[in-house]
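# Descriptive analysis of the structure
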Amino acid sequence: MTGAEYRLCDVALDCAFKTRDARVEREQALAIIDLLETNSFTPIGHDGGPYRLKIETVDGRLALHVTDCNGVHVVSHYLSLTPFRRLLKDYTRICESYYEAIRRLGPERLQAIDMGRRGIHDEAADLLRERLSAKVSIDKDTARRLFTLVYALLARNAEHRILSS
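Residues numbered from 1 in each chain as written. Predicted model: local features only at pLDDT ≥ 70, side-chain atom pairs only at ≥ 80, totals over all residues. Heavy atoms only, no water.

Moving on: the sheet that holds strand β1 (residues 8–13). Taken together, four strands build an open sheet; the order of strands is β1-β3-β4-β5 and the sheet is mixed. Looking along the sheet, the strands with just one partner apiece sit at the ends: β1 and β5 (73–80). Between one strand and the next, the sheet's axes are offset by a mean angle of 20°, whatever the strand orientation. With respect to the sheet, helix α4 (residues 140–156) is in contact with β1, β3 (51–58) and β4 (61–68), its orientation differing from that of β3 by roughly 40°. (Pairing = 2+ DSSP bridges. Helix = DSSP H or I, 4+ residues; strand = E, 2+ residues; numbered from the N terminus. Axes fitted to C-alpha atoms, helices over the stretch in contact; angles between N-to-C directions. Contact = heavy atoms within 4.5 Å.)

Right, let's talk about the environment of L154 for a bit. When you line up the elements, L154 lands in helix α4. For L154, a relative accessible area of 1% puts it in the buried group. Remark: the alpha-carbon pair of L154 and E56, spanning 98 residues in sequence, is separated by 9.0 Å. (Buried < 20%, exposed > 50% of the residue type's maximum accessible area, 1.4 Å probe, protein only.)

Their axes nearest at 8 Å, the elements helix α3 (residues 107–132) and α4 cross at an angle of 105°. As judged from the angle between their axes, α3 and α4 are roughly perpendicular. In this structure, α3 contributes R118, H121, D122, A124, A125, D126, L128 and R129 to the contact, and α4 contributes K140, A143, R144, L146, F147 and T148. Here the contact of α3 with α4 is built from residues that sort into six nonpolar, two polar and six charged. (Parallel < 35°, antiparallel > 145°, perpendicular 65-115°, else oblique. Nonpolar A, V, L, I, M, F, W, Y, C, P; charged D, E, K, R; others polar.)

As for its placement among the helices and strands, L53 is situated in strand β3. On the basis of relative accessibility, which here comes to 1%, the residue L53 falls in the buried class. Taking the C-alpha atoms as reference points, L53 and C69, separated by 16 residues in sequence, lie 9.8 Å from one another. Among residues more than four places away in sequence, those in contact with L53 are L8, D10, V11, A12, F41, L64, H65, V66 and L146.

Okay, here's the thing in structure tokens:
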């Protein structure tokens, strides 16, 4: 088996919620494009993919459903959002600061905010890798892009107060 078989070939987010924020939609689209172009995704104990991933929220938890390319169920993993709460709030705030800085501040301030944003993003990606490790092994870049999708999913869902409370 080659490493290329342990990858995602399709990623979908629960579309029940639509955001009115074009920035979030753009971040989501870019994350999916980047993720499908390059990723490492290995369900523990499975013979190989490629895989399809659906991300949704179920009863206040994050649900990741993995099937093979033919739609055969491989694994579902449910994660509490509680460990991500602070990171998601911080990421939301720093993204807002970043977008505001693009409109009003100089490049020095923008660079400092972007460094902070990357730091939070890295920390969240590490936590996501850790929380998924019992079911799925992913590399850091894959985890970063998946965190972006988790953020986009929660930003789309107005009922999730995790991003604003």
